Amino acid sequence: MKKNDVVKVTIEDIGINGEGIGKIQNYPLFVKGGIPGDEILARITKTKKTYGYGRVEEILHPSPDRIEPPCPIAEPCGGCQLQALSYEKQLTFKEKTVKGNLERIGKVPSPLLEKVMNPIVGMEEPFRYRNKAAYPIGRNRDGRIVAGFYAGRTHQIIPVDDCLLGKKENKTILNKIISHVEKHQIEPYDEVGHRGLIRHVLIRYGEKTGEWMVSIVINGNTIPKKEELIEALVEIQGMTSISLSVNKKNTNVIMGNEIITIWGQEYITDKIGDLSFQISPLAFYQVNQKQTEKLYNLALTYADLKGKEKVWDLYCGIGTISLFLAQKAEMVYGVEVVPEAIENAKENAKINGLANARFYVGKAEEVLPAHIKEHGRAEVIVVDPPRKGCAESLLETMVNMEPERIVYVSCDSATLARDVKYLRENGYELREVTPVDQFGMTVHVECVCLMTRKET
Ligand code: SAH
């Protein structure tokens, strides 16, 4: 088989990036756009010794699980890898991903896995769930100023003003900003030449409060005629915070660290369960409010607090899980590396009247060992690391502290599995695993696990 050959293949599985996988005489072929159950003609785009890549040339018999993607640009955008797959089957795929990783990477024995795996918690409405969107602003092929997404790994912006995962109002906000940019002939940023002013627009929405935040990322210090832009943006009902984020670096990191509030508050507020949270532009906040409530409730259930416990919440962001736990624990210590997030966390403890939470800025792997003596034994440790998972030195510290329970919230089941392996080899057993779908239409999987100390 060689490049440009067209072959008939049946798609049998989904790869980690959402691509279809079929086999031609035991040679796996990864086909972008293929859905399990599809019988297709695939055009080979690349061949390697043990596997190859292809794309769909023609669908001969569509899979019964194939649906027409509701978004007209699902394919070129690439942000929703699973839109052509029925939501039910997306959930099955996610369950399988978590299970497969725990089995393969985590070396969790099958009988144990059968016992501890719970069904995935799906969404009631798998569209319009994202409360945050960051749109690059640039010029399209015709030189028109557009907001959109970068196509694949390119610098080409595909215009999208109504992403179906985001809120309807995003479009109105973007249009107001683009009109302003056009009217005053402000240059959008050009990634390649590192020139131009307007880089990105970050939009955040408080699902429970209706509050809007707009932060405009600029390669400069201010925006021409900003009062006029503010006037246009405050027409949006619920507008609460408008800021500029200064990012002059030649980088693909979206936000700049300097935030200049130009109208309203420095933050918006949202609610999860009974608690209110202030969120500033630089702080992490879960993108799917409804599912987050379910996720945190599971974390709280797994922590099994009776009121006398000391708890660490590592990678605490704005203190969301910490304060959930503080409702039931004696004392919670939160650790987070972003200083603005910790400022939010402290304020959040105050506005919710929870005095039994303390927060530290720093890396979990450094802060935790430095404060063990001072705070004594903790019964529960919660971790919620970014995709790369926990540093091994942190896991080692945790194990030496001998907490009864470790609650692991994960947004990448491969690194979760790696960390579960370490913890199982060092005195902890896996008791519960529940995937929660936070990111419908995409391949991303969130999941929460309970590990407890083995009897010695
Ligand atoms: N538990 C929070 C945040 C989870 S996201 C929530 O549910 O909202 C992961 C967080 O870890 C981010 O806020 C990120 O800034 C932070 N982080 C990344 N590396 C870290 C480290 N080494 N130590 C502490 N926090 C870290």
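The following refers to the structure shown. (Residues numbered from 1 in each chain as written. Predicted model: local features only at pLDDT ≥ 70, side-chain atom pairs only at ≥ 80, totals over all residues. Heavy atoms only, no water.)

The number of helices and strands found in the protein chain is 11 helices and 21 strands. Its C-alpha radius of gyration of 24 Å places the protein chain within 12% of the 23 Å reference for a compact globule of 456 residues. The 456 residues of the protein chain split such that 55% are buried. Long-range contacts, defined as pairs at least 24 residues apart, comprise 64% of the intrachain contacts of the protein chain with a sequence gap of at least 6. As displayed, the protein chain has an accessible area near 21,000 Å², and 49% of this comes from carbon and sulfur atoms. Where the 60 positive side-chain charges of the protein chain centre and where its 61 negative ones centre are 4 Å apart. (Helix = DSSP H or I, 4+ residues; strand = E, 2+ residues; numbered from the N terminus. Rg over C-alpha atoms; globule rule 2.2 N^0.38 Å. Buried < 20%, exposed > 50% of the residue type's maximum accessible area, 1.4 Å probe, protein only. Contact = heavy atoms within 4.5 Å. Areas by Shrake-Rupley, 256 points an atom, 1.4 Å probe, with all protein chains shown as cover. Lys, Arg positive; Asp, Glu negative; His and termini not counted. Charge placed at Lys NZ, Arg CZ, Asp CG, Glu CD.)

Here we come to the sheet that holds strand E2 (residues 20-24). Taken in spatial order, the five strands line up as E1-E2-E3-E5-E4 and close into a barrel, and their pairing is mixed. Averaged over all pairs of adjacent strands, the angle between their axes in this sheet comes to 50°, without regard to strand direction. Relative to E2, strand E1 (residues 6-14) runs antiparallel, the two sharing three bridges. Residue pairing across strands places Ile11 opposite Gly22, the latter belonging to E2. (Pairing = 2+ DSSP bridges. Axes fitted to C-alpha atoms, helices over the stretch in contact; angles between N-to-C directions.)

In the neighbourhood of the ligand, 17 residues make up the surrounding shell, with Tyr296, Tyr315, Glu336, Ala364 and Asp384 lying closest. Interatomic distance of 3.3 Å between a side-chain N/O atom of Gln286 and an oxygen atom of the ligand. The side chain of Asp384 places a nitrogen or oxygen atom 2.9 Å from a nitrogen atom of the ligand. Compared with its free state, where it exposes 570 Å², the ligand has 89% of that area covered by protein. Sorting the residues of the shell around the ligand by element identifies helix H7 (320-326) and helix H9 (364-375) as the ones contributing at least two each. (Near = heavy atom within 4 Å. Polar contact = N/O pair within 3.5 Å; in protein donor to acceptor, adjacent residues only side chain to side chain.)

A separate point is the layout of surface pockets. Empty space within the second largest pocket amounts to approximately 350 Å³. Counting residues per element, the ones that place at least two in the lining of the second largest pocket are helix H2 (87-104) and helix H11 (413-425). Sort the elements by how many residues they give to the lining of the second largest pocket and H2 lands first, with four residues. Within the lining of the second largest pocket, the residues separate by chemical class into seven nonpolar, five polar and three charged. (1 Å grid on protein atoms, 1.4 Å probe; cavity = no way out; pocket = protein on both sides within 12 Å on 5 of 7 lines; lining within 4 Å. Points joined across faces, edges and corners; volume = space filled by probe spheres on them. Nonpolar A, V, L, I, M, F, W, Y, C, P; charged D, E, K, R; others polar.)

In short, shape yes, function no, at least from these values alone.
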